[in-house]
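The residues making up each chain are set out below.
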Amino acid sequence: MESVTTVSSGSTPPQVINGQVSLDASRYSTREINDFLHHQAALLGVKQVRILNPDGQHNLAVGLDLPVEVEIAGHAGYFVGGMNKQAVINVDGNVGWSVAENMMSGTVRVRGFASECAGASGHGGLLVIEGDASSRCGISMKGIDIGVGGSVGHMSAFMAQAGTLLICGDAAAALGDSLYEAVIYVGGRIHSLGADAREEPMTPQDHDRIRQLLRRAGLERDSRNFKRIASAKSLYHWNVEADQEY
Amino acid sequence: MSEDRPAPGRHLRLEESYSFSSPVIDYIQHAAEHGLYEIRGLGAKRQLPSFDDLVFLTASLSRYPLEGYRERCETTTLLGTRFAKNPVELNIPITIAGMSFGALSANVKQALGRAATEVGTSTTTGDGGMTAEEREFSRTLVYQCLPSRYGFNPDDLRRADAVEIVIGQGAKPGGGGMLLGQKISPRVAKMRTLPEGIDQRSACRHPDWVGPDDLVIKMNELREITDWKIPIYVKFGATRVREDVKLAVKSGADVVVIDGMQGGTAATQQVFIEHAGIPTLPAVRLAVEALEEMNMFGKVQLIVSGGIRSGADCAKALALGADAVSIGQGVLIALGCNSPHYVRQQTEKIDVTEEYHRLGTAPGYCHHCHTGRCPVGVTTQDSVLEQRLDPDWGATRVKNYLKTLTMELTTLARACGKSNVHHLEREDLVALTVEAAAMAGVPLAGTDWIPGRS
């Protein structure tokens with residue numbers, strides 16, 4: 001086997017006090033931090049974890065499946081909170097690509113900005129990005145709810161299947177391309193819609209859905225200012241006449 | 001006598017055009033009628049340089065053979081020894097390829113799992129997630145991570161024995177999945193989070209990473225989630241094999257899976273199946289050379305798929321440097337694909353030739369997996385048709401097929417003097433055609449000529 005940093009690399013175990021623990025990412029490897037969260041946190045009755053000096057490391061707090069609150073005190077890299085179940089993960093900084101990718105449940109909150117593919121293929125739970133998100137935000141989403149305080153980049157919600165993407169700011173080109181059943185709400189300007197996405201009239205149910213999501217996301221906005229984008233469903237079946245103009 | 005018959009004694013001259021042959025005329029008429037490309041199942045049908053063009057130089061005076069029934073020939077196969085704490089250990093180097101629940105019925109998934117478990121090999125999920133049936137019946141189950149991520153979740157990931165990141169497949173390298181509405185049953189729709197009955201197009205690129213630099217990080221994420229226990233395979237269709245293998249290895253793959261253009265599919269454009277990718281024969285050689293050039297041969301394992309049918313094919317793939325092969329279409333045929341009948345209660349044969357005709361085809365020619373109307377109940381989600389495949393009968397058939405392949409493989413290995421099928425080597429092979437010699441990198445029979453080398 002090629003060498004891999006393992007859990008037993010000799011670091012002193014972290015101290016748990018009143019269900020709280022601090023893990024210094026400059027002392028513990030990502031492997032050690034995730035191993036602690038996967039296998040030891042629950043046994044030690046840990047309720048709150050603070051990860052110090054994350055320094056943009058990738059794959060922090062991935063694959064969690066326990067009701068724990070994780071505070072990442074700084075910037076995180078790719079895939080932070082990936083495939084999360086149950087846990088509440090807060091990042092006090094910016095994140096790299098694919099934050100909370102394929103999340104099943106729980107909450108991931110980014111207090112700064114997010115790079116590309118935020119919430120990709122998420123099946124459930126809530127992702128909040130208080131700042132802007134880059135391109136492909138909510139790509140392939142399958143039931144996750146995403147609240148973005150700022151704007152999103154191009155091709156956001158590409159092939160989104162289910163769930164809600166709420167964008168308080170603007171949306172760049174080709175929003176909601178090839179949408180399935182997911183619904184997008186946009187507070188600001190839409191540069192352009194993607195293939196098969198269309199604006200639809202707002203209903204009282206839409207206002208309720210927006211209010212609920214704003215409340216859950218802790219975003220203070222007026223729910224009346226949003227537009228609803230959903231699928232025109234013209235790509236649901238093969239269409240000879242479409243002439244590839246998708 | 002009517003006017004349109006030739007006069008007595010006059011020669012009727014029927015000269016077919018090569019450029020505009022009957023199949024080409026049929027293709028153009030079809031295009032003109034429908035204005036849409038043809039979609040079909042299975043793999044490339046055209047004749048290609050293949051393992052059939054190689055033969056073994058078995059032992060005689062210059063080499064000792066092993067006794068066929070008395071001297072043991074080892075077939076144990078280890079996959080994923082590079083990083084995984086728990087590599088996959090199989091009794092035979094013949095695995096069952098990824099095929100989705102959706103393309104196949106739950107009964108078929110069960111039959112494959114039971115057969116694989118009995119002979120000690122693995123099965124693989126597909127574009128649609130892991131079913132409870134296949135997890136229950138497969139001792140070793142490889143979980144595919146595909147661009148669509150349909151049904152992908154961390155619980156199934158942690159239940160898997162390996163994870164296979166699918167970049168592409170031999171039938172359509174560079175293309176995404178396709179499942180037509182007639183196969184999107186309520187259960188399939190729920191697993192994929194899609195409305196029932198839609199024509200499903202799945203993505204051709206992964207949603208959360210793009211190039212090989214990202215793939216490094218993605219693989220580490222999957223390793224972190226699974227605590228570095230299970231191996232990560234990377235599968236792609238054979239195109240620029242040398243470059244792709246090197247990038248996969250550099251990204252941290254434990255196992256590389258190369259699928260040649262003969263590889264099958266449940267549904268894709270005919271133009272894709274016949275005109276994209278390279279045959280399995282040169283793909284094996286290119287992959288092996290890439291591993292050798294990186295000094296990773298034997299450290300990263302190689303699985304080869306795409307048109308593997310027989311023990312001879314397995315032996316030749318192993319001799320060229322593969323660690324294992326993977327079979328899709330072969331096991332479907334073992335389950336009765338393209339047979340004129342299905343079998344009820346183990347013995348009673350029910351003829352369904354008429355149903356093939358209704359699909360516009362006949363037993364032996366069918367590639368209508370995409371319709372979901374499989375007359376023998378293999379590639380269907382129809383609640384009536386799927387009952388035609390009895391999982392008990394199916395498990396026995398697939399087990400027999402895999403056992404036959406293993407016996408053929410060890411027969412050839414013993415005859416080459418090898419006590420382990422993994423000891424078969426390139427030097428045991430020669431080619432029957434110049435093309436095969438060039439593609440496989442072995443000499444043309446009776447010469448020491450390898451075109452392009454010597």
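Residues numbered from 1 in each chain as written. Chains lettered and ligands numbered in written order. Predicted model: local features only at pLDDT ≥ 70, side-chain atom pairs only at ≥ 80, totals over all residues. Heavy atoms only, no water.

A.B. asks: Tell me what's going on with the overall build of chain A, and back it up with residues and numbers.
C.D. replies: Summing up its helical and strand segments, chain A has two helices and twelve strands in all. Compactness check: chain A gives a C-alpha radius of gyration of 19 Å against a globular reference of 18 Å for 246 residues, within 12% of the reference. Along the three orthogonal principal directions, the C-alpha set of chain A runs to about 65 × 45 × 25 Å. The buried share of chain A, taken over its 246 residues, is 59%. Within chain A, contacts between residues separated by at least 24 positions form 27% of all contacts whose residues are at least 6 apart in sequence. Here chain A has roughly 9,900 Å² of accessible surface; of this, 47% comes from carbon and sulfur atoms. Taking the 20 positively charged and 27 negatively charged side chains of chain A as two groups, their mean positions are separated by 6 Å. (Helix = DSSP H or I, 4+ residues; strand = E, 2+ residues; numbered from the N terminus. Rg over C-alpha atoms; globule rule 2.2 N^0.38 Å. Buried < 20%, exposed > 50% of the residue type's maximum accessible area, 1.4 Å probe, protein only. Contact = heavy atoms within 4.5 Å. Areas by Shrake-Rupley, 256 points an atom, 1.4 Å probe, with all protein chains shown as cover. Lys, Arg positive; Asp, Glu negative; His and termini not counted. Charge placed at Lys NZ, Arg CZ, Asp CG, Glu CD.)

A.B. asks: Outline the sheet that holds strand S7 (residues 140–145) of chain B, supporting the account with residue identities and numerical values.
C.D. replies: Residue and element names in this part refer to chain B. Ordered in space as S5-S15-S14-S12-S11-S8-S7-S6, the eight strands form an open sheet in which the pairing is parallel. The strands lining the two open edges of the sheet, one partner per strand, are strand S5 (94–96) and strand S6 (122–124). Each neighbouring strand pair of the sheet contributes to a mean axis angle of 25°, computed without reference to strand direction. Across four bridges, the pairing between S7 and strand S8 (residues 162–166) is parallel. Bridge pairing links Cys-145 to Ile-165 in S8. The sheet contacts of helix H2 (residues 106–119) involve S5 and S6, and relative to S6 the element is tilted by about 155°. (Pairing = 2+ DSSP bridges. Axes fitted to C-alpha atoms, helices over the stretch in contact; angles between N-to-C directions.)

A.B. asks: Residue-level account of helix H10 (residues 311–320) of chain B, with values.
C.D. replies: Residue and element names in this part refer to chain B. Counting buried positions along H10 yields nine of ten residues, so the element is predominantly enclosed. Those residues of H10 that sit buried are Gly-311, Asp-313, Cys-314, Ala-315, Lys-316, Ala-317, Leu-318, Ala-319 and Leu-320. Of the residues one or two after H10, Gly-321 is the one with positive phi, at around 125°.

A.B. asks: So what's going on with the packing of aromatic side chains? Residues and values would help.
C.D. replies: Given two aromatic rings, their pairing is described by the distance between the two centres and the angle made by the two planes. Residues and elements named next belong to chain A. Taken as a whole and judged by the stated rule, the model has five aromatic pairs over all chains. Note on Tyr-78 and Phe-79: the rings are 5.7 Å apart at their centroids and 75° apart in plane angle, and the pair reads as edge-to-face. As far as burial versus exposure is concerned, Tyr-78 and Phe-79 are alike and both buried. Ring plane angle 5° and centroid distance 5.7 Å describe the contact between Tyr-78 and Trp-97, whose orientation is recorded as stacked. (Phe/Tyr/Trp six-rings, centres within 6.5 Å; stacked < 30°, edge-to-face > 60°.)

A.B. asks: Can you lay out the interface of chain B and chain A for me, pointing to particular residues and giving the numbers?
C.D. replies: Taken together, the contact between chain B and chain A spans 46 residues of the former and 44 residues of the latter. For the pair chain B and chain A, the two sides together bury roughly 3,800 Å², of which 59% comes from carbon and sulfur. Summed over the three residues of chain B that lose the most area to chain A, namely Arg201(B), Ile217(B) and Glu224(B), the buried surface amounts to 18% of that side. The interface formed by chain B and chain A includes five salt bridges. Between Asp155(B) and Lys85(A) there is a salt bridge, with the nearest N and O atoms lying 2.6 Å from each other. Linking chain B with chain A are 17 residue pairs in polar contact (both at pLDDT 80 or more), by the criterion used here. Of the residues that constitute the side of chain B that touches chain A, the class distribution is 22 nonpolar, eleven polar and 13 charged. (Buried area = accessible area lost by both parts, 1.4 Å probe. Salt bridge = Lys/Arg side-chain N within 4 Å of Asp/Glu carboxyl O. Polar contact = N/O pair within 3.5 Å; in protein donor to acceptor, adjacent residues only side chain to side chain. Nonpolar A, V, L, I, M, F, W, Y, C, P; charged D, E, K, R; others polar.)

A.B. asks: Could you give an account of the packing of helix H6 (residues 212–225) of chain B against helix H7 (residues 241–251) of chain B, with specific residues and numbers?
C.D. replies: Residue and element names in this part refer to chain B. One can describe the packing of H6 onto H7 by two numbers: an axis separation of 8 Å at closest approach and a directional angle of 40°. The angle between H6 and H7 falls in the class oblique. Both H6 and H7 take part in a crossing whose hand is right-handed. Facing H6, whose interface residues are Pro-212, Leu-215, Val-216 and Met-219, H7 presents Leu-247, Ala-248 and Ser-251. Of the residues contributing to the contact of H6 with H7, the split by class is six nonpolar, one polar and no charged. (Parallel < 35°, antiparallel > 145°, perpendicular 65-115°, else oblique. Left-handed = near helix turned anticlockwise from the far one by under 90°.)

A.B. asks: Talk me through the pairing of strand S7 (residues 126–129) of chain A; I want residue IDs and the actual numbers.
C.D. replies: Residue and element names in this part refer to chain A. On S7, burial covers both faces: Leu-126 and Val-128 on one face and Leu-127 and Ile-129 on the other are all buried. Strand direction decides the pairing type here: strand S6 (residues 107–110) and S7, joined by four bridges, are parallel. Paired with Val-108 across the two strands is Leu-127, which belongs to S7. Sheet topology note: the S7/strand S8 (residues 142–148) ladder contains four bridges and is parallel.

A.B. asks: Any details on unusual backbone geometry? Residues and values, ideally.
C.D. replies: All names here are of chain A. Even without being a glycine, Ala-174 presents a positive backbone phi close to 60°. Considering the arrangement of structural elements, one finds Ala-174 in the loop between strand S9 (162–167) and strand S10 (183–186). Using a relative accessible area of 16% as the deciding quantity, one classes Ala-174 as buried. Despite not being glycine, Lys-233 has its phi angle at roughly 60°, a positive value. Checked against the element boundaries, Lys-233 lands in the segment after strand S12 (227–231). Looking at Lys-233, the relative accessible area reads 45%, which means it is partly exposed.

A.B. asks: So, the sheet that holds strand S5 (residues 88–91) of chain A: which residues are in play, and what are the values?
C.D. replies: Residues and elements named next belong to chain A. Read across the sheet, twelve strands follow the order S1-S2-S3-S4-S5-S6-S7-S8-S9-S10-S12-S11 without closing on themselves; strand pairing throughout is mixed. Edge positions in the sheet fall to strand S1 (16–17) and strand S11 (197–200), since each of these pairs with one other strand and no more. As paired strands, S11 and S12 are joined by four bridges and run antiparallel to one another. Along S12, the bridge assignment pairs Glu-199 with Ile-229. Helix H1 (residues 30–40) rests against S1, strand S2 (20–24), strand S3 (48–52) and strand S4 (69–72) of the sheet, and its axis sits at about 160° to S2.

A.B. asks: Quick rundown of the pattern of salt bridges? Include the residues and the values.
C.D. replies: The full count for this structure, using the stated rule, is 46 salt bridges over all chains. The partner of Asp145(A) in a salt bridge is Arg216(A), and the shortest N-O contact between them spans 3.1 Å. Of this pair, Asp145(A) sits in strand S8 while Arg216(A) sits in helix H2 (residues 204–217), placing them 71 residues apart in sequence. With relative accessibility at 15%, the residue Asp145(A) sits in the buried group. The residue Lys218(B) makes a salt bridge to Glu221(B) at a minimum N-O spacing of 2.8 Å. Taken together, the residues span about one helical turn, with Lys218(B) and Glu221(B) both in helix H6 at a distance of three residues. Pair check on accessibility: Lys218(B) and Glu221(B) agree, each one buried. Ionic contacts of the salt-bridge type, sharing partners, join the residues Arg242(B), Lys246(B), Arg285(B), Glu289(B), Glu293(B) and Arg453(B) into one network.

A.B. asks: Can you tell me about a nonpolar patch on the surface, naming the residues and giving the values?
C.D. replies: All names here are of chain B. The grouping of Phe-20, Ile-25, Tyr-27 and Ile-28 at the surface amounts to a nonpolar patch, some 430 Å² of accessible area in total. Take Ile-28: it is sitting in helix H1 (residues 22–34). Residue classification places Ile-28 among the partly exposed residues on the basis of a relative accessible area of 38%. (Patch = residues over 30% accessible without salt bridge, like charges linked within 9 Å, V, L, I, M, F, W, Y side chains within 5 Å.)

A.B. asks: Hey, could you go over the nonpolar core for me, with residue numbers and the actual values?
C.D. replies: If you look at the biggest cluster of nonpolar residues, it comprises 112 residues, and the most contacted ones within it are Leu54(B), Val245(B), Val256(B) and Ile258(B). In terms of residue count, the dominant contributor to this core is helix H9 (residues 280–293) of chain B (eight residues). Setting aside chain neighbours within four positions, we find Leu54(B) in contact with Leu281(B), Lys316(B), Leu320(B), Leu429(B), Val430(B), Ala431(B), Ala436(B), Ala440(B) and Val442(B). The next biggest cluster of nonpolar side chains, apart from the first, holds 53 residues, and it includes Val80(A), Ile146(A), Ala160(A) and Ile229(A). (Core = buried A, V, L, I, M, F, W, Y, C linked by side-chain atoms within 4.5 Å.)

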